[in-house]
Each structure stands twice: as structure tokens, then as C-alpha cells.
Amino acid sequence: MRLKKEIVAMLLAGGQGTRLQVLTKNMAKPAVPFGGKYRIIDFPLSNCVNSGISTVGVLTQFMPLELNSYMGNGSPWDLDRMDGGLSILPPYTGGESGDWYKGTSNAIYQNLNYIEQYSPEYVLILSGDHIYKMNYNEMLKFHKKNDADLTIAHIDVPLEEASRFGILNTNPDLSIREFVEKPKNPISTKASMGIYIFKWSELKKYLIKCEEMEGTSYDFGKDIIPMMLREGKKMYAYPFKGYWKDVGTIESLWQANMDLLHNVDGLNIYDPLWRIYCRHYESMPQYIGENAKISNSMVTEGSIIKGKIQETVISSGVYIDESSEIYNSVLMKNVRIGKNVRIYNSIIGEEAIIEDGAVIGHKEIESGKDMITVVGHKGLVKEKEILQKAL
């Protein structure tokens, strides 16, 4: 018999991530590298263990090989446990049930038995494609204090961005009186972060209801939350004041990496009291050549830098040859840069090769335009080629 758990976390990590273009052609969005040595999924997993949550189910679906291999048995996050720990939960078929995950709520519904074995009082629902540091235990205390059926973490966003999110309207006591998923005309700037704490008894009931509805979208924002609101359930908004970014687009992923270099409040990855854990295989030291120049950049161990880098994030195993210059960019693992290369405002995918004399990216970025240049996994930019679009 399983040990009873107060709370179980369910991490939705099966998204295809089409807006990340060539970076997610062969991997799920949560497996995309970030900040030199991390993957996006390291942040919610680290938040769980730092918050004292030791039972985490990770729901995978699209191109899961890279992500599953990376997570392994959960040991980098102290989640390799006999009772609880990390469990990878792909869609499966068995008996009369089972299918591909049809949406966020359906993914949780298909894993009712996994949750039920721990008899939890609460279930925490998370997304695997956000960069942030958050103490879920503080949110749980807020949830308990209000005896809520559902608590939704929210963050204030600019009004012009609000239509991209589920938007909340609250009473003075932070109880939720309205919720609209991605409204054309937002009712407020309180945006759902896609982080929910449910009473397990209520979540189970509404997951089953959602499956039985006609015309369902199998979605928390479109179905579960509006249904609970209509039926008068106790729902509260938990305000979050720290750094949080949805890195679902090329521009937002690039910007989050740049935020690391500018010490944006709330994105301190050097805090020993709230570490971001990861599975990192590289142990060799980095090498900085005698003519190399490095300014306000992050260089991960195992890299060899002989050229000039400025405002750039360098992953492990990267090689940058002499006379090459790289500005405001992100280089993922094992990228090879030849001589006399120029790279501006770009993301270079894992194991890409940039040959001598190539020029990548736009020197200047115009506000409101998609101008981050991307080279995908194992991409090749040939000698003296000029590239200013996705490859």
C-alpha cells in the first residue's frame, strides 16, 4: 500500500511547442535548453523539491525521448524515491480506456489511478514551459487558509498582453468572481500562470464531469474552471510577485536568457537557498583563449572560447574559433563556430555547425517585429552564408 501524501504534483509536459519552430522539431518544449546548463523543465521540478513536494507525475506525449532520457529516475532533483518521487506518465491504452491526451484536463483524467494511489488531500497542477522560482508551499498555505476548492496563481501583466492568458477578476478578499480564457477584451490584468491547487475530491469530480460533457475541449481554462465558477465553488487567486515568463515563443525564450545576464529580479540562479537543479553531464573546465574577449556573458564548463562574446549565454561543449564575434545570443550544447563568424540576436540549436565567415542575425532589433534568428538542432550554416531567418 502506498504511503498517503498530503499533496501530489502533476506536471503537464507533453506540449508540441510549435511556436518555438525548429527548436522543438525533435523534442518536447520542456526539454529545450535554457541558461547554458539547464532545461526549461528544471524550474518546476526544482520548485517542487524546494517546496517540499516529493511526489511528482510528469505527463509526456510529443517527442518524449529527449525529455524522458533527461529526467531519468529523478535523481538530480532528489526525486528518486521508493515511495513517491518522480514518475513519467505517457498516454497509454489498456482495456476499454486510454488514448492520446486530448487536452490538459483529459491528461489528468487519464491518470486518476496514479493520483488515487496516494490518497492526497490536494493536487498541484503545473506547466512544464515556464521560467520562474516559486514556493508552492506558500500557495498551499493560502489555499488551506481560505478552505478553497481551487486556488489559481496569478501575475499582473501589461494590458496589451492580457489577451494571451486566462484572465481573472477578483473580489477584495481575492475570491474569484470572473474567469475568461484568452479574452479579446480583457476584464483585468490578472493573468493565470497555469498553476492550480485543487482539493482532490473536487478535482476528481469535475474531471469526470468534463469527460461526460458534450462539446468539451478537455481543458482546465476552457472547461473545468468555468464550470466550477458557475457552480459556486470556493475559488481564490494567489498573487505572485516574482519573475515569471512563458517561454513558448522564440522571442520570449531569447529574452529570458538575456534576463539572466541582466540580473532581473527574481531570476537569481545562484541562490544557494533555492537552487535550480539539473542533470549536467559535462565536467571539463571551460577554456578561454589568449585573444578571447568576454563581456556580461554566461559560459558553461566544457566550452572553448577563442573569439569575442558579448551579452551571450554559452552552453557546455561549445567551440568558438578565433576572430569570431557573437552578440546578444544563445548558443546551445556542442555548437561549433568557425573563424570570422558574426552572430547577432540569435539562438543556435544543439550541435549546429557555423562555418567560417558566416553571418547570422540582425544587428538591430526593431520593436514589435520577430527578428530573432534561429538555427535548429544539427543545423548547418555554410561558409560565408548570410542567414536572417529560421533554419
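Please refer to the structure higher up on the page.
What you see is a predicted model; the values in this text were computed from it and never measured.

Cut-off values and rules
Residues numbered from 1 in each chain as written. Predicted model: local features only at pLDDT ≥ 70, side-chain atom pairs only at ≥ 80, totals over all residues. Heavy atoms only, no water. Helix = DSSP H or I, 4+ residues; strand = E, 2+ residues; numbered from the N terminus. Rg over C-alpha atoms; globule rule 2.2 N^0.38 Å. Buried < 20%, exposed > 50% of the residue type's maximum accessible area, 1.4 Å probe, protein only. Contact = heavy atoms within 4.5 Å. Areas by Shrake-Rupley, 256 points an atom, 1.4 Å probe, with all protein chains shown as cover. Lys, Arg positive; Asp, Glu negative; His and termini not counted. Charge placed at Lys NZ, Arg CZ, Asp CG, Glu CD. Phe/Tyr/Trp six-rings, centres within 6.5 Å; stacked < 30°, edge-to-face > 60°. Pairing = 2+ DSSP bridges. Core = buried A, V, L, I, M, F, W, Y, C linked by side-chain atoms within 4.5 Å.

J.: Sorry if this is basic, but what is going on with the overall build of the protein here?
T.: Along its length, the protein carries eight helices and 30 strands. The C-alpha atoms of the protein give 22 Å as radius of gyration, which agrees with the globular expectation for 391 residues (21 Å, within 12%). The principal-axis extents of the C-alpha atoms in the protein amount to approximately 65 × 50 × 40 Å. By the burial criterion, 55% of the 391 residues in the protein qualify as buried. Considering only intrachain contacts with a sequence separation of at least 6, the fraction spanning at least 24 residues in the protein is 59%. Total accessible area on the protein is roughly 17500 Å²; 47% of this is exposed by carbon and sulfur atoms. Separation of charge centres in the protein, based on 44 positive and 48 negative side chains, amounts to 1 Å.

J.: Just checking my understanding: could you explain the packing of aromatic side chains for this structure?
T.: Taken as a whole and judged by the stated rule, the model has twelve aromatic pairs. Look at Phe-34 and Phe-43: their rings are 5.6 Å apart centre to centre, the planes differ by 80°, and that puts the pair in the edge-to-face class. An identical accessibility class is assigned to Phe-34 and Phe-43; each is buried. Among the aromatic residues, those joined into a ring-pair cluster are Phe-34, Tyr-38 and Phe-43.

J.: Help me understand unusual backbone geometry, please; the structure alone is not making it clear to me.
T.: Negative phi characterises most residues that are not glycine, and trans characterises most peptide bonds. Residues other than glycine seldom take positive phi values, yet Asp-78 does so here, at roughly 60°. You can see Asp-78 is positioned in the loop between helix H2 (65-71) and strand S5 (85-89). The partly exposed category is assigned to Asp-78, whose relative accessible area is 43%. We note that Lys-378 has phi near 60°; this positive angle belongs to a residue other than glycine. Mapped onto the elements, Lys-378 comes out in the loop between strand S28 (373-375) and strand S29 (380-381).

J.: Is there a simple way to explain the environment of Lys-389 in this structure?
T.: Secondary-structure assignment places Lys-389 in the segment after strand S30 (386-387). Given a relative accessible area of 60%, Lys-389 falls into the exposed group. Spatially, the C-alpha atom of Lys-389 lies 28 Å from that of Leu-65, the residues being 324 residues apart in sequence. Once residues within four sequence positions are removed from consideration, Lys-389 is found in contact with Thr-373 and Val-374.

J.: I tried to follow the sheet that holds strand S23 (residues 336-337) on my own but got confused; where do I start?
T.: Each strand in a sheet pairs with its neighbour through backbone hydrogen bonds, running either in the same direction (parallel) or in the opposite one (antiparallel). Strand order in the open sheet formed by six strands is S14-S17-S20-S23-S26-S29, with parallel pairing between adjacent strands. The outermost strands of the open sheet, each flanked by one partner alone, are strand S14 (287-288) and S29. The pairing of strand S26 (residues 353-354) with S29 spans two bridges and is parallel. Note that in S29 the partner of Ile-353 across the bridge is Leu-380.

J.: Help me out: how do you make sense of the nonpolar core in this one?
T.: Across soluble globular proteins, nonpolar side chains have a tendency to be buried as a group. The biggest cluster of nonpolar side chains holds 71 residues, and the ones touching the most others in it are Leu-45, Met-134, Ile-195 and Leu-253. No other element matches helix H8 (residues 250-261), which puts seven residues into this core. For Met-134, the contacting residues outside a window of four places in its chain are Asn-47, Ser-51, Met-139, Ala-153, Met-193, Ile-195, Tyr-238, Phe-240 and Trp-274. Judged by nonpolar contacts, the second largest core, of 33 residues, contains Val-123, Ile-152, Met-228 and Ala-237.

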